[in-house]
Amino acid sequence: MESAAFVCAFLLAACCCCRRAAGVPGEAEQPVPELVEVEVGSTALLKCGSSHSPGNSSHVDWFSVHKEKPTLIFRVHQGQGQSEPGEYQHRLSLQGRGATLALAHVTPHDERIFLCRGKRPRTQEHRIQLQVYKAPEEPSIQVNAVGISVNSQEPEEVATCVGRNGYPVPQVTWYKNGLPLKEKKNRVHIQSSQIVESSGLYTLQSVLKAQLVKEDKDAQFYCELSYRLPSGNHMKESREVTVPVFYPAEKVWLEVAPVGMVKEGDRVEIRCLADGNPPPHFSISKQNPRTGEMEEENTNDNGILVLEPAQKEHSGLYECQGLDLDTMQSLSEKQELLVNYVSDVQVSPAKPMSHEGSSLTLTCAAESNQALEFQWLREETGEVLGQGPMLQLHHLKREAGGGYLCLASVPSVPGLNRTQLVNVAVYGSPWMASKERKLRVRENEVVSLSCEASGHPRPTISWSVNSTAQEQDKGPQSVLSILNVLVTPELLETGAECVASNSLGRNTTVIFLELEKKLSEQESKGVVIVAVIVCILVLAVLGAVLYFLYKKGKLPCGRSGKQEITLPPSRKSEIVVEVKSDKLPEEMGLLQGSNGDKRAPGDQGEKYIDLRH
């Protein structure tokens, strides 16, 4: 039995050796194909055999192997290539000496094994695995705009990531706040699928589902696509998105603007805030100081209570109430509002009056919820007269009459102050700015005459001219009277007298009228004198310029009738200027030379003057 078993084993081994020697297809052990990596759209270079064992490439057949079935696609005979009909007919060409086959415009469908078979000197085969790559487009991400409630019992869709036109299928990784997410039962679920396009490229779609909590309201989610190219591994990231997260409020509170000390006159806004999303329904109430009950206030469309302008009555206790419509849970919070104020500023005496030379004391008082400071100012000038609630005026003069301001302010609240005006009356007869004044007028025209007087009691004004006057109050102790009159010779002669009187005396001002034409004649004479002086100055400047040009030789001297004078050598440097004149010889004789001698005029009335340096 042992001999029979040995014989059978020997025969089986011999049979296998014979089958390998005969080259039965599929039985021989296939070598590992050479790997060639190329991107979609580029050209793949397929070399028949390695560079270490070159064979005869003058006679080579190329095959495309699909599902273990080789299909002849290209022949090389005596170094010349010829494509076979089929899908590769127009994309194949020889490179170099014929040992390299170039496949142009590579597509994902070209990812397969290519086989070259040499015929001389003996049959040799070389297998090439063509690996095709294509980077996907930038990933797009679509967030769940509806939002996710933290009360959901199962993972809800957060976002969808899509990577288009990649090859092979890229790998997707989801991130939250920069940290990768992994599958977690009942917490995180990632569902991915791919679609094969007609081009052979893949479109990847990945959906992230998760259970979120309140802390995820600001979480940033994004997806990452990882893929390989012939150059190595690469990745692309989508933009970051935030998904709306809904959670109930745990507390509410009041917010008051402006922040800090509030004063009367400010615009104050009171609003309710909560830490829930969406916020609950709000209402704002204020405590009635008489009954102690909370009474709801009217708010604007945004639920804000606006106090404008704020008054001291707005101080008090406010309450914010929030009602969650999903859970029907009610929350509330109270806050005190204090409106700082200054009010009821009063000066005593209210109508101060005194005689010249006497003294007067003014006292100021006001109400406030803060400590007050007082300051006195003169109304007309703004001059600061003193500090404190009392102002003492000694040895009163007529000029002391008028307005005084008491300024009550709160130093701890900038801008919070109030003022009160009081007018001090100083007894005295009417006072006028001047005893007389002049007014330029034109005859037969209507002019307005004005007269102002002050005093206490307030004076009345009358005119010496029979016409109707209009009076205007200039203050508690002053009056202004305006009179429209026709300028007549009688009025020019007498003028107009303004009389101011009260129970303590009277005072007058005379207005004299002067015609404007007299002044006009004087002005015209002045204008004539000025014009003459200007003309003389212009002529002098012009003469100086002409002399300068003549001296420099810029003006020709060739007038007809000029008498040539021969000068001795000692006078060669003298200049002769010809002056023509129609004046009598006696007048011309006034012109003298430099030596004081008179020169006779020429027959044509010409005169020569020697100008020496």
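To start, this report covers the structure provided alongside it. (Residues numbered from 1 in each chain as written. Predicted model: local features only at pLDDT ≥ 70, side-chain atom pairs only at ≥ 80, totals over all residues. Heavy atoms only, no water.)

Regarding the overall build of the chain
Thought 1: Of the regular secondary structure elements, the chain holds four helices and 45 strands.
Thought 2: The buried share of the chain, taken over its 613 residues, is 34%.
Thought 3: Of the contacts formed within the chain by residues at least 6 apart in sequence, a portion of 61% connects residues at least 24 apart.
Thought 4: About 38200 Å² of surface is accessible on the chain, with carbon and sulfur atoms providing 52% of the total. (Helix = DSSP H or I, 4+ residues; strand = E, 2+ residues; numbered from the N terminus. Buried < 20%, exposed > 50% of the residue type's maximum accessible area, 1.4 Å probe, protein only. Contact = heavy atoms within 4.5 Å. Areas by Shrake-Rupley, 256 points an atom, 1.4 Å probe, with all protein chains shown as cover.)

Side note on a nonpolar patch on the surface
Thought 1: A contiguous nonpolar surface patch, about 280 Å² in accessible area, is contributed by Val-528, Val-532 and Ile-536.
Thought 2: Positionally, Val-532 belongs in helix H3 (residues 516–551).
Thought 3: Judged by relative accessible area, Val-532 falls into the partly exposed class, the value being 45%. (Patch = residues over 30% accessible without salt bridge, like charges linked within 9 Å, V, L, I, M, F, W, Y side chains within 5 Å. Salt bridge = Lys/Arg side-chain N within 4 Å of Asp/Glu carboxyl O.)

Some details on the environment of Ser-283
Thought 1: With respect to the element layout, Ser-283 can be found in strand E23 (residues 281–287).
Thought 2: Put simply, Ser-283 and Thr-299 are 16 residues apart on the chain and 8.1 Å apart in space, counted from C-alpha to C-alpha.
Thought 3: With near-sequence residues (within four places) excluded, Ser-283 lies in contact with Cys-272, Glu-296, Glu-319, Cys-320 and Gln-321.

Observations concerning the pairing of strand E5 (residues 80–83)
Thought 1: With four bridges connecting them, strand E4 (residues 69–77) and E5 associate as antiparallel partners. Within E5, the residue paired with Phe-74 across the bridge is Ser-83.
Thought 2: In this antiparallel pair of consecutive strands, E4 and E5, the connection spans two residues, and Gln-78 shows a positive phi of 55°. (Pairing = 2+ DSSP bridges.)

What about the pattern of salt bridges?
Pairs can form between side chains of opposite charge whenever their charged atoms are close.
Thought 1: This structure, assessed with the given rule, holds 20 salt bridges.
Thought 2: A salt bridge links Asp-473 to Arg-458, with the shortest nitrogen-to-oxygen separation between them at 2.2 Å. Remark: Arg-458 occurs in the loop between strand E38 (446–456) and strand E39 (460–463) and Asp-473 occurs in strand E40 (residues 469–475); sequence separation between them is 15 residues.
Thought 3: Asp-473 sits in the exposed class, given a relative accessible area of 57%.
Thought 4: Through salt bridges that share partners, Glu-255, Arg-267, Glu-269, Arg-271 and Glu-308 make up one connected network.

Remarks on the packing of aromatic side chains
Thought 1: Within this structure, the stated rule accounts for three aromatic pairs.
Thought 2: Ring geometry for Tyr-88 versus Phe-114: centroids 5.8 Å apart, planes at 75°, classification edge-to-face. In this pair, Tyr-88 is assigned in the loop between E5 and strand E6 (92–95) and Phe-114 in strand E8 (residues 113–118), connecting sequence segments 26 residues apart.
Thought 3: Owing to a relative accessible area of 2%, Tyr-88 belongs among the buried residues under this scheme.
Thought 4: Cation over ring: Lys-251 sits above Trp-253, and NZ or CZ is 5.7 Å from the ring centre. (Phe/Tyr/Trp six-rings, centres within 6.5 Å; stacked < 30°, edge-to-face > 60°. Lys NZ or Arg CZ within 6 Å of the ring centre and 35° of its normal.)

A look at the sheet that holds strand E7 (residues 100–103)
Thought 1: Taken together, three strands build an open sheet; the order of strands is E2-E7-E6 and the sheet is antiparallel. Strands at the two margins of the open sheet, each flanked by one partner only, are strand E2 (44–47) and E6. Adjacent strand axes in the sheet meet at a mean angle of 30° when their direction is disregarded.
Thought 2: When E6 meets E7, the two strands line up antiparallel, connected through four bridges. In the sheet register, Leu-92 faces E7, and the bridge partner there is Leu-103. (Axes fitted to C-alpha atoms, helices over the stretch in contact; angles between N-to-C directions.)

Topic: the sheet that holds E4
Within a sheet, each strand pairs with its neighbour through backbone hydrogen bonds, oriented either parallel or antiparallel.
Thought 1: Strand order in this open sheet of six strands is E1-E9-E8-E3-E4-E5, and the pairing throughout is mixed. Pairing within the sheet leaves two strands with one partner each, and these edge strands are strand E1 (34–39) and E5. Going across the sheet, the axis of each strand differs from the next one's by a mean of 30°, ignoring polarity.
Thought 2: Here strand E3 (residues 59–66) pairs with E8 via six bridges, running antiparallel. Paired with Ser-64 across the strands is Phe-114, a residue of E8.

Digging into the side chain of Ser-354
Thought 1: Assignment of secondary structure puts Ser-354 in strand E30 (residues 353–355).
Thought 2: For Ser-354, a relative accessible area of 8% translates into the label buried.
Thought 3: One polar contact links Ser-354 to Ser-358, side chain to side chain, over a distance of 2.3 Å.
Thought 4: In this structure, Ser-354 is in contact with Ser-359, Leu-396, Ala-425, Val-426 and Tyr-427, ignoring residues within four places of it in sequence. (Polar contact = N/O pair within 3.5 Å; in protein donor to acceptor, adjacent residues only side chain to side chain.)

Remarks on the environment of Ile-190
Thought 1: Checked against the element boundaries, Ile-190 lands in strand E15 (residues 188–196).
Thought 2: In the structure, Ile-190 is positioned 19 residues away from Lys-209 in sequence and 6.2 Å away in space, judged by C-alpha atoms.
Thought 3: Excluding its chain neighbours within four sequence positions, the residues that come into contact with Ile-190 are Trp-174, Leu-181, Glu-183, Ser-206, Val-207 and Leu-208.

Things to note about the state of the cysteines
Here, disulfide denotes a covalent bond that connects the sulfur atoms of two cysteines.
Thought 1: The tally for this structure, following the rule as stated, stands at five disulfides.
Thought 2: The side chain of Cys-272 participates in a disulfide bridge whose partner is Cys-320; the two sulfur atoms lie 2.0 Å from each other. You can see Cys-272 sitting in strand E22 (residues 268–274) and its partner Cys-320 sitting in strand E26 (residues 316–323), a full 48 residues away along the chain. Of the two residues, Cys-272 and Cys-320, neither departs from the other in class, the shared state being buried. (Disulfide = S-S within 2.5 Å.)

Details of the side chain of Ser-64
Thought 1: Following the sequence through the fold, Ser-64 ends up in strand E3.
Thought 2: Polar contacts involving the side chain of Ser-64 include one to the side chain of Arg-112, which spans 3.0 Å.
Thought 3: Setting aside residues up to four positions removed in sequence, Ser-64 forms contacts with Lys-69, Pro-70, Thr-71, Ile-73, Tyr-88, Arg-112, Ile-113 and Phe-114.

So, the pairing of strand E18 (residues 232–237)
Thought 1: One ladder, built from six bridges, connects strand E17 (residues 221–229) with E18; its direction is antiparallel. Each residue of the ladder has a partner; that of Ser-226, found in E18, is Met-235.
Thought 2: Hairpin connection between E17 and E18: a loop of two residues separates the two successive antiparallel strands.

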